[in-house]
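Each chain, letter by letter, is given below.
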Amino acid sequence: MSEIHEDTSMAQTGEPSSVQPAPTASTNGQPVAPPPPDSGQPILRVSDLHVSYGSVQALHGISLEVYPGELVSICGVNGAGKSTTLRAIAGVLKPQSGTIHFKEKNVTGKKPEQMHKWGMALVPEGREIFPSLTVAENLRIGAFGRYNAKRYAADLEDIFALFPILKERLSQAGGQLSGGEQQMLAIARGLVSHPDLLMMDEPSLGLSPSLVDQIFELIATLKARGITILLVEQNAERALQIADRAYLLSTGTVKYAGPPQNMAEIVDITAVYLGGLKGGGLR
Ligand code: ATP
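Report follows, based on the coordinates. (Residues numbered from 1 in each chain as written. Predicted model: local features only at pLDDT ≥ 70, side-chain atom pairs only at ≥ 80, totals over all residues.)

## Describing the sheet that holds strand 9 (residues 245-250)
What counts here: Note on pairing: two strands pair once DSSP finds at least 2 bridges between them. Each helix corresponds to a stretch of at least 4 residues labelled H or I by DSSP, and each strand to a stretch of at least 2 residues labelled E; elements are numbered beginning at the N terminus. The axes are straight lines fitted to the C-alpha atoms, using for helices just the contacting stretch, and the angles between their N-to-C directions are given from 0 to 180°. By the convention adopted here, residues make contact when the C-beta atoms placed from their backbones lie within 7 Å.
The strand order 6-7-8-3-9-10 describes an open sheet built from six strands, whose pairing is mixed. Whereas interior strands pair on both sides, the edge strands pair on one side only; in this sheet they are strand 6 (120-123) and strand 10 (253-258). Geometrically, the sheet is characterised by an average inter-axis angle of 15° between neighbouring strands, direction not taken into account. Here five bridges tie strand 9 to strand 10, and the two strands are oriented antiparallel to one another. Across the sheet, the residue bridging to Leu 249 is Val 254, located in strand 10. Its contacts with the sheet place helix 7 (residues 179-191) against strand 6 and strand 7 (197-201), and it is angled at close to 175° to strand 6. Packing against the sheet, helix 8 (residues 209-224) makes contact with strand 3 (71-75), strand 7 and strand 8 (229-232), and its axis sits at approximately 160° to strand 8.

Structural data, given as structure tokens:
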């Protein structure tokens with residue numbers, strides 16, 4: 001693989017665009033979360049996002065913010081629009097309308113590789129590692145376009161401290177790893193780019209209970225290191241325990257936005273997966 005070059009500047013790689021003032025109220029009737037205390041500007045601001053798959057409208061005006069150093073969880077039933085939200089933010093899906101501001105720049109409609117260069121990493125649902133490439137090659141792809149080779153070597157040691165198993169498996173094909181190891185590789189591939197925002201889509205999905213524990217311990221470690229995280233998790237109870245703020249999506253709209261403990265008060269977490277809110281319908 002050819003040498004990779006450090007390039008984290010939007011000014012070098014994208015068109016300049018406007019800074020958007022913080023919203024004070026929802027424009028479409030959906031809840032808006034109060035910012036965390038003493039916060040500056042959000043690192044990510046999604047405003048009134050509409051996304052469709054052909055004639056299927058998946059998102060109906062999602063707005064959310066993530067502030068530097070926060071762990072924000074997005075919860076909701078299957079089909080609520082969680083993955084669509086992350087994929088649109090990462091540039092995989094093009095929104096019909098609405099805006100995405102990242103590090104105060106308007107990045108709406110930009111391509112995934114641009115988002116990656118600018119410091120966004122998506123650990124997708126289903127991991128999407130390259131099965132025929134080795135673990136080393138999969139990791140190298142994660143760093144591509146972000147850092148020079150010298151720094152990469154040092155970063156790998158850091159990654160191996162978090163994921164010792166990956167060091168042992170370095171020359172093995174990604175497809176030969178167990179499900180848990182593949183999930184660790186997918187997260188490591190995101191981390192090796194030193195993202196300013198790490199987005200994870202259902203990282204515990206399909207893993208055994210002990211591996212789920214390991215994944216949540218890892219997420220807590222990453223949070224303690226100050227990494228800004230946007231987490232989509234089917235395991236809402238666990239996700240809310242470690243979140244600073246939380247969003248609840250249903251049928252492509254925001255139903256709750258704010259502190260996780262308040263959400264747990266108004267939402268029966270078990271019932272969320274059966275489609276209900278305490279004292280009112282979720283659907
Ligand atoms: P899950 O946990 O099941 O992935 P989710 O909350 O992530 O659920 P999305 O996958 O974002 O939900 O789906 C939101 C809506 O968009 C659903 O109605 C879903 O059926 C639809 N949808 C998702 N992907 C596609 C696609 N490729 N083509 C058509 N419709 C889609």
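Picking up after the structure, the text goes on.
## Considering the site of the ligand
Where we set the bar: For each residue, a C-beta atom is positioned from the backbone; the residue is called near a molecule or strand if that atom sits within 6 Å of it.
By nearness alone, every residue bordering the ligand is listed as Tyr 53, Val 56, Ala 58, Gly 76, Asn 78, Gly 79, Ala 80, Gly 81, Lys 82, Ser 83 and Thr 84. Looking at the shell around the ligand, the elements with two or more residues in it are strand 2 (56-66) and helix 2 (82-89). Looking at which element gives the most residues to the shell around the ligand, the answer is helix 2, with three residues.

## A word on the nonpolar core
Applied cut-off: A set of buried residues drawn from Ala, Val, Leu, Ile, Met, Phe, Trp, Tyr and Cys, joined through C-beta atoms within 7 Å, is what defines a nonpolar core. Counting other C-beta atoms within 10 Å of a residue's own tells you its class, since 20 or more makes it buried, 12 or fewer makes it exposed, and anything in between is partly exposed; those C-beta atoms are placed from the backbone.
By size, the foremost hydrophobic cluster in this structure holds 70 residues, and its most contacted members are Met 120, Ala 188, Leu 198, Met 199, Ile 229 and Tyr 247. Sorting elements by how many residues they give to this core places helix 7 first, with six residues.

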